[in-house]
Amino acid sequence: MKSDFFHSNVPVIPGSRFFLVRPRLDHILEQALESGLTTVTAGPGYGKTQAVSSYLSRTNAVVLWLQVSEQDNLGARFWENLTEVTCSYNYSVGKALQDIGFPVSVRQFDRFRDILSRTMKPDRRYILVFDDCHLLRPGPVLELIERSVVTPPFLHSLVMISRSEPEINTVSLLLKQIISTVTAEDLRFTGEEIAGLYRLLDITLPEEEISAILRDTEGWPISVALLGRELERLDPAERSYLHPRIMERSLERMENDAYESMAPELRKFLLKLSLIQDWAPKLLEALTPDRKLISALEQAAPFIRYDGYRDRYRIHHLFIEFLQEKESELTEDEKLEVYNKAGDWCAENRLSMDAALNYGKGRNYRGLIGVTSSLPRMAPAQTAEFLLNIIDQTIPPGSPVPETEEALLLRYVERSKFLISLRRFSEAADTCREAIELFA
């Protein structure tokens, strides 16, 4: 049964042939999720997100899935992200959470806890998933997550998916017996699972070849999947792991072959998508009116996943690093166009921090000032620091200021506002004096 939050009518990039339901792993996750907190920790290419997503989609749990980024270390941005996801499931609850703001005080946290507790039905299970937690640094966001785990009654379980151990007080949670761990060893394919995956691709290999693949790949899921894709390309009579074409291929070679085999238009489209990494279907459509080009993304299916919980597409970490090395194939105007379309979409959907980040990269002074000027004169410290950094990256201090009204307002008015919010009064005064000298 699909969860309440797993939408069945969303567009999904084809690629399900490369996914195998793994009862062994499902059992591990089922046992782990009996704890208040479950950490799923392994390096890139282990299928962490896919494993958790697949298991939860076949339960009757109510699941809220949050894809975090480095920007989510800012409490205000994290709260925007969390409440957006909550609104998708229950609009009134999401709005109520937006109204209380990121819980800094005990009273705010109690209201946060009370709103969710009153929403939960006694006959349902509620699970909150945070993906890419290796991007979260020690600070208020991780403190909130840890506090939520140790303050019952709350949600039935929180899940943290991460490349490395989340920077929380794991020892304390272990002593309280409220944490379970799923590791890379759990996520590795067994020989039986490798054979099962390849049977989905109509590939049957002798037991000794399956054993050799297990030995060489060490059960690394993405390597197993890519190897299966290479085997699938061979004539059925030649499908053997011992085939010289297979033996000489490394993961890097597979990535390059996949990229080079694509049409130039698709390669450029993927390069554009790699600039923003995480995108909604509507933004995908905004970036290109060519529906055939969107459909052609099937060719990159092993490297792209669809997040049904958040209605987002995301390129796999390994492939995005490969694409980012080829960014020089895009012109500067093409990059700016992508950032500004992403900024417009985020602004329209009230994702202010993401909008500011994209507008800054797109050197869109009008869009950026639209975000900064909407904030109160005394912005929260973390928000002020985040936006001040964007302004300084967009118009570096000491550099010539573009002679547009928006650029001047950003450099002298908005920058001063955020410096004052951070109590950096001397720097704010210097900025004001610079403005007076310029306009006097």
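Residues numbered from 1 in each chain as written. Predicted model: local features only at pLDDT ≥ 70, side-chain atom pairs only at ≥ 80, totals over all residues. Heavy atoms only, no water.

Some points on the overall build of the protein chain
The number of helices and strands found in the protein chain is 23 helices and eight strands. The burial tally for the protein chain puts 55% of its 440 residues in the buried class. Expressed as a percentage of contacts within the protein chain between residues at least 6 apart in sequence, the contacts between residues at least 24 apart total 72%. Counting every atom, the protein chain has about 20,900 Å² of accessible surface; 51% of that belongs to carbon and sulfur. (Helix = DSSP H or I, 4+ residues; strand = E, 2+ residues; numbered from the N terminus. Buried < 20%, exposed > 50% of the residue type's maximum accessible area, 1.4 Å probe, protein only. Contact = heavy atoms within 4.5 Å. Areas by Shrake-Rupley, 256 points an atom, 1.4 Å probe, with all protein chains shown as cover.)

Concerning the packing of helix H3 (residues 75-89) against helix H4 (residues 91-100)
The angle between the axes and the distance between the axes are what describe a pair of packed helices. The interhelical angle for the contact between H3 and H4, taken along N-to-C directions, is 160°, at an axis separation of 6 Å. As summarised for this structure, H3 and H4 are arranged roughly antiparallel, according to the angle between their axes. Together, Trp79, Thr83, Thr86, Cys87 and Tyr89 of H3 and Tyr91, Val93, Gly94, Lys95, Leu97, Gln98 and Ile100 of H4 make up the contact between the two elements. Of the residues that constitute the contact of H3 with H4, the class distribution is seven nonpolar, four polar and one charged. (Axes fitted to C-alpha atoms, helices over the stretch in contact; angles between N-to-C directions. Parallel < 35°, antiparallel > 145°, perpendicular 65-115°, else oblique. Nonpolar A, V, L, I, M, F, W, Y, C, P; charged D, E, K, R; others polar.)

Examining the confidence of the model for the protein chain
Per-residue confidence for the protein chain gives a mean pLDDT of 84, with 89% of residues at or over 70. Taken together, the stretch residues 1-16 has pLDDT below 50 and engages in 44 contacts with residues farther than four places along the chain or on a different chain. (pLDDT = per-residue confidence, 0-100.)

Considerations on helix H5 (residues 106-119)
Given a rise of 1.5 Å per residue, 14 residues ought to cover 20 Å, and the 20 Å separating the end C-alpha atoms of H5 matches this to within 8%. Where H5 is concerned, the buried positions are Phe109, Phe112, Ile115 and Leu116. An end-on view of H5 places all buried positions within 125° of arc, on one side of the element. Set apart from the buried face of H5 by more than 90 degrees, the exposed residues are Val106, Arg107 and Arg118. Looking at the packing, one finds that the buried side of H5 touches H3, H4 and helix H6 (140-149). (Expected span 1.5 Å × (residues − 1). Arc of directions from axis to C-beta.)

Describing the pairing of strand S3 (residues 126-131)
S3 sits mainly inside the fold: six of its six residues count as buried. What you see with S3 is no split at all: Tyr126, Leu128 and Phe130 on one side and Ile127, Val129 and Asp131 on the other are buried throughout. Of the pairings in the sheet, the one linking strand S2 (residues 62-67) to S3 comprises six bridges and is parallel in character. Paired with Gln67 across the two strands is Asp131, which belongs to S3. Two strands pair when backbone bridges link them, and S3 and strand S4 (residues 157-162) are joined in this way by four bridges, in the parallel orientation. Bridging across to S4, Ile127 finds its partner in Ser157. (Pairing = 2+ DSSP bridges.)

Details of the sheet that holds S3
Judged by pairing direction, the sheet is parallel, and its five strands sit side by side in the order S2-S3-S4-S1-S5 without closing on themselves. Each edge of the open sheet carries a strand with a single partner, namely S2 and strand S5 (179-182). Strand after strand, the sheet turns through a mean of 15° between neighbouring axes, direction not considered.

Points about the side chain of Asp26
When you line up the elements, Asp26 lands in helix H1 (residues 23-32). Contact partners of Asp26, with chain neighbours within four places excluded, come to Val21, Tyr55 and Arg58.

A short note on the pattern of salt bridges
For the coordinates displayed, the defined rule picks out 17 salt bridges. The salt bridge involving Arg22 is made with Glu193; its shortest N-O contact spans 3.1 Å. Within this pair, whereas Arg22 is found in the segment before H1, its partner Glu193 is found in helix H9 (residues 191-200), the two being separated by 171 residues in sequence. The exposure class assigned to Arg22 is buried, which follows from its relative accessible area of 8%. Note that Arg215 and Asp216 form a salt bridge whose closest N and O atoms lie 3.0 Å from each other. Classification of Arg215 as exposed rests on a relative accessible area of 58%. Each member of the salt-bridge network shares a partner with another, and the members are Arg22, Arg24 and Glu193. (Salt bridge = Lys/Arg side-chain N within 4 Å of Asp/Glu carboxyl O.)

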